[in-house]
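Working through the structure, step by step
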Amino acid sequence: MKNVLLIFLALLIFSLAVFYFWGSNSHYPSSKYNEIKVYHNDYKSEGDTLKIMTYNIGYLSGMTNNMAVGRNEELFKTNLDRSIDLLSTHQPDIIGFQEIDFGSKRSYYHNQLDSIGINLNYPNSSVAVNWDKSYVPFPYWPIKHHFGKMLSGQAVLSKMQIVSNEFVVLQKPINAPFYYNQFYLERLIQISKILVKGNTVILMNVHLEAFDLETRQLHAAHLLSVFEEYAKEFPVLLIGDFNAIPSFVTSSGETETTMSIFIDHPLLDMAISEEQYRQEEEQYFTFDSVEPTKKIDYIFFTKNSIEKIASGVAREAADISDHLPVWMSFRLR
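In what follows, the accompanying structure is described. As the structure is a prediction and not an experimental result, all values here were calculated from the model. (Residues numbered from 1 in each chain as written. Predicted model: local features only at pLDDT ≥ 70, side-chain atom pairs only at ≥ 80, totals over all residues. Heavy atoms only, no water.)

The tally for this structure, following the rule as stated, stands at 15 aromatic pairs. Measuring from centroid to centroid gives 6.3 Å for Tyr59 and Phe76, while their planes differ by 20°, and the two rings are stacked. Taken as a pair, Tyr59 in the loop between β2 (50–56) and α2 (73–90) and Phe76 in helix α2 lie far apart in primary sequence, 17 residues in all. Residue Tyr59 shares its accessibility class with Phe76, and that shared class is buried. Taken together, Tyr59, Phe76, Tyr108, Trp131, Phe138, Tyr140 and Phe147 form an aromatic cluster joined through their ring pairs. When the ring centre of Phe147 is taken as origin, the NZ or CZ atom of Arg106, which lies over that ring, is 4.9 Å away. Lys295 extends its terminal NZ or CZ atom over the ring of Tyr298, reaching a point 4.6 Å from the ring centre. (Phe/Tyr/Trp six-rings, centres within 6.5 Å; stacked < 30°, edge-to-face > 60°. Helix = DSSP H or I, 4+ residues; strand = E, 2+ residues; numbered from the N terminus. Buried < 20%, exposed > 50% of the residue type's maximum accessible area, 1.4 Å probe, protein only. Lys NZ or Arg CZ within 6 Å of the ring centre and 35° of its normal.)

Right under this line is the structure:
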């Protein structure tokens, strides 16, 4: 009996080891992790006023993101149609997405970026793959709701030509065990150079750590240092899901200083300014989308080279995602 138990334990350990190395392994060519996709070459060249949007699209899963629930394919098709209608109404010249799937089991292997880009006639996009795993065992239980094969990340759609695209990989959660980090997504700074009427504009599209405050603060400090290098030479739009509330907010009962290094930076302004926010803060909450209670999605810009015209939160997006998109119209100075 003892020998049988030992054999069983040995087989179990072997099986777990095989799963660990297989599941956490990538399956997509790393050469395509920062790909620029050209759908056509009819780039926008007219007009001084532009519009940018940041949208954590939550892989079009609505309010079920990260929940251990069944999702049918119709949910994703419906939310894709809703997102296309929303973006068609807003007509942003540049969109930065977070949590967008390029071919994952959890969203029925749809390439959400291509579907949106082609349907809305954007000429090009840039990709930043941050989650490429053969099998992600999350949510943990029941097994039938595991995400499984994963190909997801951040992306940019632009009506102007994207001339280069790269990303900076941020540190994994410093307080998480090794096996958690092995299956976890990479947090990235996506950096796309966009040609706007002969000028190069830097778009930095980010998705900072959500669950570990200490790691998120490290990410923010690294992001700021990268921003400062580009801001020496170029107009910069710094956008995305920062997973942190504004440092000047106290009404929610939460306190966090992560955003202060951006909000107080002499080179940066926010699309939703502190003054604008304080006038009617509930209108500028971005999470969650059904009962919004806080702002964690932002657009920042270099105020010496970019002039804000108007801004807001697209509350009509409703529950396409668990986040609401932020938009800003602007012109280059």
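A separate point is the layout of surface pockets. Leftover empty space is mapped by rolling, across the atoms, a probe with the size of a water molecule. Put simply, the largest pocket is a space of about 820 Å³. As for the largest pocket, its lining consists of 35 residues, and the residues nearest its centre are Asn66, Tyr180, Tyr184, Arg187 and Phe211. Those elements that place two or more of their residues in the lining of the largest pocket are β4 (124–136), β5 (148–158) and α4 (178–183). Each residue belonging to the lining of the largest pocket can be placed in one class, and the counts come to 17 nonpolar, nine polar and nine charged. (1 Å grid on protein atoms, 1.4 Å probe; cavity = no way out; pocket = protein on both sides within 12 Å on 5 of 7 lines; lining within 4 Å. Points joined across faces, edges and corners; volume = space filled by probe spheres on them. Nonpolar A, V, L, I, M, F, W, Y, C, P; charged D, E, K, R; others polar.)

For Arg106, the position within the fold is in the loop between β3 (94–101) and α3 (112–119). Judged by relative accessible area, Arg106 falls into the buried class, the value being 7%. As a C-alpha pair, Arg106 and Leu268 span 162 residues in sequence and 37 Å in three-dimensional space. Beyond its immediate chain neighbours, meaning those up to four positions away, Arg106 contacts Tyr59, Phe76, Asp101, Trp131, Phe147, Met150 and Ser152. Engagement of the side chain of Arg106 in a polar contact is seen with the side chain of Asp101, the distance being 2.9 Å. Among the polar contacts made by the side chain of Arg106, one reaches the side chain of Ser152 at a distance of 3.3 Å. (Contact = heavy atoms within 4.5 Å. Polar contact = N/O pair within 3.5 Å; in protein donor to acceptor, adjacent residues only side chain to side chain.)

Right, let's talk about the environment of Asn25 for a bit. Within the secondary structure, Asn25 is located in the loop between α1 (2–23) and β1 (36–38). It is 5.5 Å that separates the C-alpha atoms of Asn25 and Lys133, two residues lying 108 residues apart in sequence. If we ignore the near neighbours within four places in the chain, the residues touching Asn25 are Asp132, Lys133 and Ser134.

Remember that the coordinates give geometry; whether it matters functionally is a separate question.
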